Amino acid sequence: MAQYLVLIYEDEANWAAGGPAAEAVSKGHTEFGQKHADVLLGGNALQPTSTSTTIRDGVVTDGPFAETKEALGGYYLVEADDLDQALAIAKDVPTLSGAVEVRPVLVLG
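Each value, and the rule that gives it
- The written sequence of each chain sets the order in which its residues are numbered from 1.
- The predicted nature of this model means local features are confined to residues of pLDDT at least 70 and side-chain atom pairs, given and counted, to a pLDDT of 80 or more, with totals for whole chains, interfaces and linings taken over all residues.
- The basis for every side-chain value is the complete set of non-hydrogen atoms in the structure, without hydrogens or water.
- Labels follow the DSSP assignment, with helices taken as runs of H or I lasting at least four residues and strands as runs of E lasting at least two, numbered in each case from the N terminus.
- Per-residue and other accessible areas were derived by the Shrake-Rupley procedure at a 1.4 Å probe size, with only the shown protein chains allowed to occlude residues.
- We count Lys and Arg on the positive side and Asp and Glu on the negative side, and we leave His and both chain ends out.
- Charged side chains are reduced to one point each, which is NZ for Lys, CZ for Arg, CG for Asp and CD for Glu.
- Here, the term nonpolar core denotes a set of buried Ala, Val, Leu, Ile, Met, Phe, Trp, Tyr and Cys residues that are joined through side-chain atoms within 4.5 Å.
- Think of it in three bands: with a 1.4 Å probe and only protein chains considered, a residue is buried below 20% of the maximum accessible area for its type, exposed above 50%, and partly exposed in between.
- Contacts are residue-level and defined by heavy atoms, with any inter-residue pair within 4.5 Å sufficient.
- As a per-residue measure, pLDDT reflects the predictor's confidence and takes values from 0 up to 100.
- Within this scheme a cavity is a closed region of a 1 Å grid, computed over the protein atoms alone, that accommodates a 1.4 Å probe without allowing it to escape, whereas a pocket is open but has protein on both sides within 12 Å along at least five of seven lines; lining residues each have an atom within 4 Å of a point.
- Grid points are joined across faces, edges and corners, and a volume is the space filled by probe spheres set on the points.
- Just so you know the grouping, Ala, Val, Leu, Ile, Met, Phe, Trp, Tyr, Cys and Pro go in nonpolar, Asp, Glu, Lys and Arg go in charged, and all remaining residues, Gly too, go in polar.
- Given a helix with a known number of residues, its expected span is that number minus one, times 1.5 Å.
- Taken from the helix axis, the directions to the C-beta atoms give the arc we talk about.
- If DSSP finds at least two bridges between two strands, the strands pair.
- Here an angle of 0 to 180 degrees is reported between the N-to-C directions of two axes, which are lines fitted to C-alpha atoms, with helices fitted over the stretch in contact.

**Q** Explain the overall build of the protein chain here, please?
**A** A tally of regular secondary structure across the protein chain gives three helices and six strands. For the protein chain, the sequential pattern of α-helices and β-strands runs β-α-α-β-β-β-β-α-β. Carbon and sulfur atoms make up 54% of the accessible area of the protein chain, which amounts to about 7,300 Å² in all. Charged side chains in the protein chain number 6 positive and 16 negative. The centres of these two groups are separated by 4 Å.

**Q** So what exactly am I meant to see when it comes to the nonpolar core here?
**A** Soluble globular proteins tend to pack their nonpolar side chains together in the buried interior. Y4, V6, Y76, V78, I89, V93 and V102 are the most contacted members of the largest nonpolar core, which has 13 residues in total. Counting residues per element, the ones that place at least two in this core are β1 (2-11), β5 (70-80) and α3 (83-90). Apart from residues lying up to four places away in sequence, Y4 is in contact with Y76, L77, V78, A80, D82, L83, A86, V102, R103, P104 and V105.

**Q** What exactly am I supposed to notice about the confidence of the model for the protein chain here?
**A** Caution applies to low-pLDDT parts of the model: their predicted coordinates are not meant to be read in detail. Residues at a pLDDT of 70 or more form 95% of the protein chain, whose mean pLDDT is 89. Looking at the elements of the protein chain, mean pLDDT is at its lowest for strand β3 (residues 53-56), recorded as 79, and at its highest for strand β2 (residues 40-45), recorded as 95.

**Q** What should I look at first to understand the layout of surface pockets in this one?
**A** The rolling of a water-molecule-sized probe over the atoms marks out the regions of remaining empty space. Considering only enclosed or pocket space, the largest pocket measures out at about 380 Å³ in volume. Around the largest pocket, the lining comprises 19 residues; the ones closest to its centre are W15, A45, L46, G73 and G74. Broken down by secondary-structure element, the contributors of at least two residues to the lining of the largest pocket are β1, α1 (12-17), α2 (19-35), β2 and β5. Examining the composition of the lining of the largest pocket, we find that six residues originate from one element, β5, more than from any other. Along the lines of polarity and charge, the residues of the lining of the largest pocket split into 10 nonpolar, seven polar and two charged.

**Q** Whenever I open this one, α2 confuses me. Can you help?
**A** The periodicity of an α-helix, 3.6 residues per turn, causes residues three or four places apart in sequence to face the same way. Over its 17 residues, α2 runs 24 Å from end to end, which matches the ideal 24 Å to within 8%, given 1.5 Å per residue. Listing the buried residues of α2 in full gives A22, V25, G28, H29 and F32. The arc enclosing the buried residues of α2, seen along the axis, measures out at 110°, which places them on a common side. Projecting away from the buried face of α2 at angles above 90 degrees are the exposed residues P20, E23, K27 and Q34. Contacts from the buried residues of α2 go to β1, α1, β2, β5 and α3.

**Q** Could you clarify how one ought to interpret the environment of P48 in this entry?
**A** Along the chain, P48 turns up in the loop between β2 and β3. When the C-alpha atoms of P48 and I8 are compared, they prove to be 13 Å apart, with 40 residues separating the residues in sequence.

**Q** Would you mind going over the sheet that holds β1 with me for this structure?
**A** Strands pair in a sheet through their backbones, by hydrogen bonds, and they do so in one of two ways: parallel or antiparallel. Ordered by their spatial adjacency, four strands build an open sheet running β2-β5-β1-β6, and the pairing between neighbours is antiparallel. The open sheet has two edge strands, β2 and β6 (99-104), and neither has a second partner. Each strand of the sheet is rotated relative to its neighbour by a mean of 20°, with strand direction disregarded. As judged from the 10 bridges shared by β1 and β5, these two strands associate in the antiparallel manner. Following the sheet pairing, I8 is matched in β5 by G74. Contacts between α3 and the sheet are confined to β1, β5 and β6, with β6 contributing the most and set at about 155° to the helix.

Here's what the structure looks like:
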């Protein structure tokens, strides 16, 4: 079995607005976790990009590394037989209006 990181990108303004759509997506994440409990190795939502700190060339600055409409908002670590299975799992991740990226975990050593 291989591990894949499912990265969830969203427009933070949509989450900040809250409302029924955000509540439905939050409920969707609970349902996603129940449906895929057998392959989920972990996952978390992230604080807004305004709380991030970036280090580039040894210089520490507040804020995200780049300006972007969609920001990394959370992730799931899943275990799957192959990329096709990981993609099938990732298609179930609820989003308000964002994207989901699937990347294999690099095993070193």
